[in-house]
Amino acid sequence: STILNVGLKLHQAHTYLRKYPQKSCEICESILDDLKTDDCPYHEILQIRIDIVMSQFYAGLYIPTLENCEEVLQIASSVNASYQMGRLYNIFAAGLLMLGNTNDAEAYLLRAYHEFQESGNHLFAWRADFNLAQVLLRLGRKREANEKFKALYNGQIPNLKERAQN
């Protein structure tokens, strides 16, 4: 089945994401090529495109990350995929941070958090909030940052103890 094959290849791509992001990107791009002639749910294709953007970010390709993020955001917005829009805004903000644009990153992180809340899927909402706390710290807004960090460490981050042990 197409969906099963896509799932297996995406899992493989995710295993390479942090250490070999270029390999992860290549796998995702090959999946998209394979799907050109197949009937695959659009949300799966959107997921793959976001994985490509994430791979570019981990590869340190921040300008292409921002450019592709904007393109994929238009697609996610057109199908009202709030959860995926939250992921994209979070990645976009991270790219801005890496390029030294802290002020704009704050606005995108607020938008990311809002999109995660709108979607009802809170799996990654804590990441946007954590990143926002770091931005607030960089902007010298220590009290606001500390309040966010305390809230995150007191229950907003799912499975925090397990994550800390790994």
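It should be noted that the structure appears before, not after, this text.
On a predicted model such as this, the values are computed, not experimentally measured, just so you know.

### Quick notes on the packing of aromatic side chains
At step 1: Scanning all chains against the criterion turns up nine aromatic pairs.
At step 2: Ring geometry for Phe-130 against Phe-149: centres 5.5 Å apart, planes inclined by 70 degrees, an arrangement best described as edge-to-face. Here the residue Phe-130 occupies a position in helix α7 (residues 125-138), and Phe-149 occupies one in helix α8 (residues 142-156), the gap between them amounting to 19 residues.
At step 3: Between the aromatic rings of Phe-149 and Tyr-153, the centroid separation amounts to 6.2 Å while the plane-to-plane angle is 10 degrees, which identifies the pairing as stacked. Here Tyr-153 and Phe-149 lie together in helix α8, a separation of four residues that amounts to about one turn.
At step 4: Through a chain of ring-to-ring contacts, the aromatic side chains of Phe-57, Tyr-58 and Tyr-62 assemble into a single cluster.

### Re the nonpolar core
At step 1: The biggest cluster of nonpolar side chains holds 36 residues, and the ones touching the most others in it are Leu-46, Leu-88, Ile-91 and Phe-116.
At step 2: When contributions to this core are tallied by element, the ones reaching two or more residues are α3 (42-58), α4 (62-78), α5 (82-98), α6 (102-119), α7 and α8.
At step 3: Ranked by size, the runner-up nonpolar core spans eleven residues in total, among them Ile-27, Ile-31, Leu-35 and Ile-52.

### Topic: the pattern of salt bridges
At step 1: Going through the model one piece at a time under the given rule, you end up with eight salt bridges.
At step 2: For the salt bridge of Lys-9 with Asp-34, the shortest nitrogen-to-oxygen distance reads 2.7 Å. Note that Lys-9 is positioned in helix α1 (residues 2-16) and Asp-34 in helix α2 (residues 21-35), a separation of 25 residues in sequence.
At step 3: Since its relative accessible area comes to 32%, Lys-9 is described here as partly exposed.
At step 4: Between Arg-111 and Glu-115 there is a salt bridge, with its nearest N and O atoms 3.1 Å apart. Remark: Glu-115 and Arg-111 occur in helix α6; sequence separation between them is four residues, near one turn of the helix.
At step 5: Overall, the relative accessible area of 37% leaves Arg-111 in the partly exposed class.
At step 6: The exposure class of Glu-115 is buried, given its relative accessible area of 6%.
At step 7: Shared partners join several salt bridges into a network, and the residues in it are Glu-106, Arg-141 and Glu-144.

### A few points about unusual backbone geometry
At step 1: The backbone of Asn-80 sits at a positive phi, close to 55 degrees, despite the residue not being glycine.
At step 2: The residue Asn-80 is located in the loop between α4 and α5 in this model.

### Details of the packing of α3 against α4
At step 1: Between α3 and α4, the least distance of the axes is 8 Å, while the angle of their chain directions is 165 degrees. Considering the angle they form, α3 stands roughly antiparallel to α4. Viewed along their axes, α3 and α4 form a crossing whose handedness is left-handed. On α4, the residues touching Tyr-42, Leu-46, Arg-49, Ile-50, Val-53, Gln-56 and Phe-57 of α3 are Tyr-62, Pro-64, Thr-65, Asn-68, Cys-69, Glu-71, Val-72, Ile-75 and Ala-76.
At step 2: Its residues assigned to classes, the contact of α3 with α4 shows eleven nonpolar, three polar and two charged.

Rules behind the numbers
- Residues numbered from 1 in each chain as written.
- Predicted model: local features only at pLDDT ≥ 70, side-chain atom pairs only at ≥ 80, totals over all residues.
- Heavy atoms only, no water.
- Phe/Tyr/Trp six-rings, centres within 6.5 Å; stacked < 30°, edge-to-face > 60°.
- Helix = DSSP H or I, 4+ residues; strand = E, 2+ residues; numbered from the N terminus.
- Core = buried A, V, L, I, M, F, W, Y, C linked by side-chain atoms within 4.5 Å.
- Buried < 20%, exposed > 50% of the residue type's maximum accessible area, 1.4 Å probe, protein only.
- Salt bridge = Lys/Arg side-chain N within 4 Å of Asp/Glu carboxyl O.
- Axes fitted to C-alpha atoms, helices over the stretch in contact; angles between N-to-C directions.
- Parallel < 35°, antiparallel > 145°, perpendicular 65-115°, else oblique.
- Left-handed = near helix turned anticlockwise from the far one by under 90°.
- Contact = heavy atoms within 4.5 Å.
- Nonpolar A, V, L, I, M, F, W, Y, C, P; charged D, E, K, R; others polar.

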